[in-house]
Amino acid sequence: MGLVDGKVAIVTGGGANIGEACAKMLASNGASVVIADINLEGARRVADEIKEAGGTAMASAVDLGDEDTIVAMVTAAVERFGKINILHNNAANTGAEQMTRDGSLAEMDQQVWDAAFDINTRGTMLVTKHTAPQIIAAGGGSIINTSSGVSLLGDVLNPAYSASKAAVNALTRNTAAQFGQANIRCNAILPGLVLSPVARAQMSEEQLSMIQRHVLLPRESVADDIAGAVLWLASDLSSFVTGQIISADGGICHHQPHYADMMDMFAKA
Ligand SMILES: NC(=O)c1ccc[n+]([C@@H]2O[C@H](COP(=O)([O-])OP(=O)(O)OC[C@H]3O[C@@H](n4cnc5c(N)ncnc54)[C@H](O)[C@@H]3O)[C@@H](O)[C@H]2O)c1
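Residues numbered from 1 in each chain as written. Predicted model: local features only at pLDDT ≥ 70, side-chain atom pairs only at ≥ 80, totals over all residues. Heavy atoms only, no water.

Draft legend 1. Structural view of the overall build of the chain. In terms of regular secondary structure, the chain is built from 10 helices and 7 strands. What you see for the chain is a C-alpha radius of gyration of 18 Å, in line with the 18 Å of a compact globule of 269 residues. Reported as C-alpha extents along the three principal axes, the dimensions of the chain are approximately 60 × 45 × 40 Å. The buried share of the chain, taken over its 269 residues, is 48%. Once local pairs closer than 6 in sequence are excluded, the contacts in the chain between residues at least 24 apart make up 73%. If you sum the accessible surface of the chain, you get close to 12,900 Å²; carbon and sulfur atoms cover 55% of it. Each charge class in the chain was averaged separately, 17 positive and 28 negative side chains, and the resulting centres sit 6 Å apart. (Helix = DSSP H or I, 4+ residues; strand = E, 2+ residues; numbered from the N terminus. Rg over C-alpha atoms; globule rule 2.2 N^0.38 Å. Buried < 20%, exposed > 50% of the residue type's maximum accessible area, 1.4 Å probe, protein only. Contact = heavy atoms within 4.5 Å. Areas by Shrake-Rupley, 256 points an atom, 1.4 Å probe, with all protein chains shown as cover. Lys, Arg positive; Asp, Glu negative; His and termini not counted. Charge placed at Lys NZ, Arg CZ, Asp CG, Glu CD.)

Draft legend 2. Structural detail: the site of the ligand. Residues in close proximity to the ligand total 26 residues, the closest being Asn17, Asp37, Asn90, Thr94 and Tyr161. The contact in question runs from a nitrogen atom of the ligand to an N or O atom on the backbone of isoleucine 38, over 3.3 Å. In the environment of the ligand, an oxygen atom lies 2.7 Å from a nitrogen or oxygen atom belonging to the backbone of valine 194. Contact with the protein chains covers 90% of the free accessible surface of the ligand, which is 820 Å². Within the residue set of the shell around the ligand, elements represented by two or more residues are helix H1 (17-28) and helix H6 (159-179). By residue class, the composition of the shell around the ligand is 13 nonpolar, 10 polar and 3 charged. (Near = heavy atom within 4 Å. Polar contact = N/O pair within 3.5 Å; in protein donor to acceptor, adjacent residues only side chain to side chain. Nonpolar A, V, L, I, M, F, W, Y, C, P; charged D, E, K, R; others polar.)

Draft legend 3. Representation of helix H3 (residues 67-81) within the structure. In a regular helix each residue adds 1.5 Å, so 15 residues correspond to 21 Å; H3 covers 21 Å between its end C-alpha atoms and thus fits that length. All of the buried residues in H3 are Ile70, Met73, Val74, Ala77 and Phe81. All buried residues of H3 project into a common sector of 95° when viewed along the axis, lining one side. Structural note: H3 exposes Asp68 and Glu79 on the side pointing more than 90 degrees away from its buried face. Buried residues along H3 sit in contact with strand E1 (8-12), strand E2 (32-37), strand E3 (56-61) and helix H5 (110-137). The N-cap of H3, judged by a side-chain oxygen 3.0 Å from the amide nitrogen of aspartate 68 a few residues on, is aspartate 66. Directly after H3, the chain includes glycine 82, whose backbone phi takes a positive value near 85°. (Expected span 1.5 Å × (residues − 1). Arc of directions from axis to C-beta.)

Below, the structure is given as structure tokens:
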């Protein structure tokens, strides 16, 4: 028996990487999954792979920057599966061009700033706005927002992305507060660095090892690390957990700044 048997889940950005792993994890645990992505080809591939593995899924085109497409996606999901119980707000504007231009605050292009907030924050809010009434009609359920460890800490890179994800943390608490009495839980998952092909392509080996030496566990993070946490939050195992900002990052955002240097010093002693 799966942990989300009989439930219907929407996963935004489910057509690749972390969203794909989350969609497949939910499907293999019994949920019917709507793979909602701006990349319809990717969404169709993931839906097909879920079906080939014996699960239930449909692909749906959506652009988080366009409210009409969000309404159409939610409508299509309800028409196909009759209800919605779980929403995983996973999609974000993480394209290479956006992230490369999201650098110095002193040179920040307003369009780059807005492009982060339009998709990551407003898009998450709009999908929640249109999905929550369906989850309420189904008797309640779970909303999981994917934020990021960078929402917690200062850095020299990606201030627009980081601020947009900090806003997702605030949105998570507000969603939990506004819909709690309707039996909807809402929590955020904060990955550290998950080395999807996209993430790996954006980083030099030097940057990777700089980051990896601050992970407390002895390996790189994979998409299933996030999918496992999302499954737990989607399922009744977390039935009294709401309004929480939960890191699934191998501890990278949760140690003393001197940790890696101290470990190097111990290794040399
Ligand atoms: N990979 C990491 O290291 C990492 C770390 C922290 C947080 N995250 C977060 O995890 C989530 C998934 O990250 P990922 O690495 O798998 O990203 P990704 O870029 O590989 O995948 C994102 C997916 O979202 C879709 N998408 C992009 N814009 C969209 C839009 N406007 N409308 C609908 N779909 C859209 C893309 O087509 C893609 O399928 C994101 O919220 C990201 O911010 C990732």
